[in-house]
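Architecture and fold: a report
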Amino acid sequence: MGRWKPGAGDRLREAALSLYLERGFEQTTVAEIAERAGVTARTFFRHFADKREVLFGDSSALEEKSLAALEGVPATTSALDAVAAVLDTVAQMVGGDRELARKRQTVIMANADLRERELIKLTSLSAALADRLRQRGTGDIEASLAAEAGIAVFRVAFSRWVSAVEEQDLQDIMRETLDRLRTLTASR
């Protein structure tokens with residue numbers, strides 16, 4: 001069996017992240033990314049609409065799989081437990097390569113426009129989850145709260161995961177973070 005060779009999209013993502021970290025996002029051009037990856041700019045645009053999409057191109061797949069995970073949960077499941085199933089799916093998608101996630105996060109946090117785009121993507125995911133929860137029969141306020149809580153748990157857990165010194169599993173951190181939220185909201 002032959003060795004796996006990264007495709008052009010993988011090479012472009014790796015080249016872009018390296019350049020963004022070396023030079024900064026704004027100072028890096030598509031031509032430089034393509035050159036570093038050993039492809040043409042035309043090839044870059046076959047994989048990504050623009051240089052931001054190197055960082056955010058997986059957002060639609062993440063939303064699709066999140067909604068599919070929600071559909072797979074029995075209708076009798078509470079809204080927060082349904083969101084917990086979504087968080088497990090998100091952790092499986094995002095949690096495979098912590099070093100890549102760290103690089104991506106470093107680039108995003110260094111640029112206000114990218115931070116804003118990240119928030120927009122998370123807001124969009126929250127709205128989609130809340131809408132799907134409503135379609136399942138969850139009340140309006142409960143659906144919005146469960147979806148927003150899920151995004152908050154994701155953000156806190158992801159931040160803990162990328163900044164952790166020791167090796168930890170994102171799914172475990174998400175579950176622990178959700179448990180802490182449940183404890184926090186149970187105390188009065």
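Residues numbered from 1 in each chain as written. Predicted model: local features only at pLDDT ≥ 70, side-chain atom pairs only at ≥ 80, totals over all residues. Heavy atoms only, no water.

Side note on the packing of helix 5 (residues 59–71) against helix 6 (residues 79–94)
Operational definition: Axes, fitted as lines to C-alpha atoms, cover a helix only where it is in contact. Angles between the N-to-C directions of the axes lie from 0 to 180 degrees. Secondary structure elements follow DSSP: runs of H or I no shorter than four residues count as helices, runs of E no shorter than two count as strands, and numbering proceeds from the N terminus. We call two directions roughly parallel when the angle between them is under 35 degrees, roughly antiparallel when it is over 145, roughly perpendicular when it lies between 65 and 115, and oblique otherwise. If you view the pair so one helix is near and one far, a crossing is left-handed when the near helix is turned anticlockwise from the far one by less than a right angle, and right-handed when it is turned clockwise. Contact definition: two residues touch when any of their heavy atoms are within 4.5 Å. Under the scheme applied, nonpolar residues are Ala, Val, Leu, Ile, Met, Phe, Trp, Tyr, Cys and Pro; charged residues are Asp, Glu, Lys and Arg; polar residues are all the others, including Gly.
Between helix 5 and helix 6, the least distance of the axes is 8 Å, while the angle of their chain directions is 140 degrees. Compared by their axis directions, helix 5 and helix 6 come out oblique. With respect to the hand of their crossing, helix 5 and helix 6 are arranged in right-handed fashion. The residues of helix 6 that touch helix 5, namely those facing A61, L62, K65, S66, A69 and L70, are A82, A85, V86, T89, V90, M93 and V94. Of the residues belonging to the contact of helix 5 with helix 6, the class tally is 10 nonpolar, 2 polar and 1 charged.

What to know about the nonpolar core
The condition that has to hold: Nine residue types can take part in a nonpolar core, namely buried Ala, Val, Leu, Ile, Met, Phe, Trp, Tyr and Cys, and a core is a set of them joined through side-chain atoms within 4.5 Å. Exposure is judged per residue with a 1.4 Å probe applied to protein chains only, and the accessible area is read against the type maximum: over 50% gives exposed, under 20% gives buried, and values in between give partly exposed.
Among the nonpolar cores identified, the biggest contains 34 residues, and L87, L129, L133, F154, F158, W161 and M174 are the most heavily contacted of them. Counting residues per element, the ones that place at least two in this core are helix 5, helix 6, helix 8 (112–135), helix 9 (140–163) and helix 10 (170–186). Here this core takes 10 residues from helix 9, the largest share from any one element. In contact with L87, not counting residues within four places along its chain, are G150, V153, F154, M174 and L178. Residues V30, A34, F48 and L114 belong to the second largest nonpolar core, which totals 21 residues.

Examining the pattern of salt bridges
Heads up, the condition is: We define a salt bridge as a contact between a side-chain nitrogen of Lys or Arg and a carboxyl oxygen of Asp or Glu at a distance within 4 Å.
Applying the stated rule across the entire model yields 14 salt bridges. With its nearest N and O atoms 2.1 Å apart, the salt bridge here joins R117 to E53. Taken as a pair, R117 in helix 8 and E53 in helix 4 (residues 53–56) lie far apart in primary sequence, 64 residues in all. You can call E53 buried: its relative accessible area is 14%. Taken together, the salt bridges that share partners define one network made up of R160, E176 and R180.

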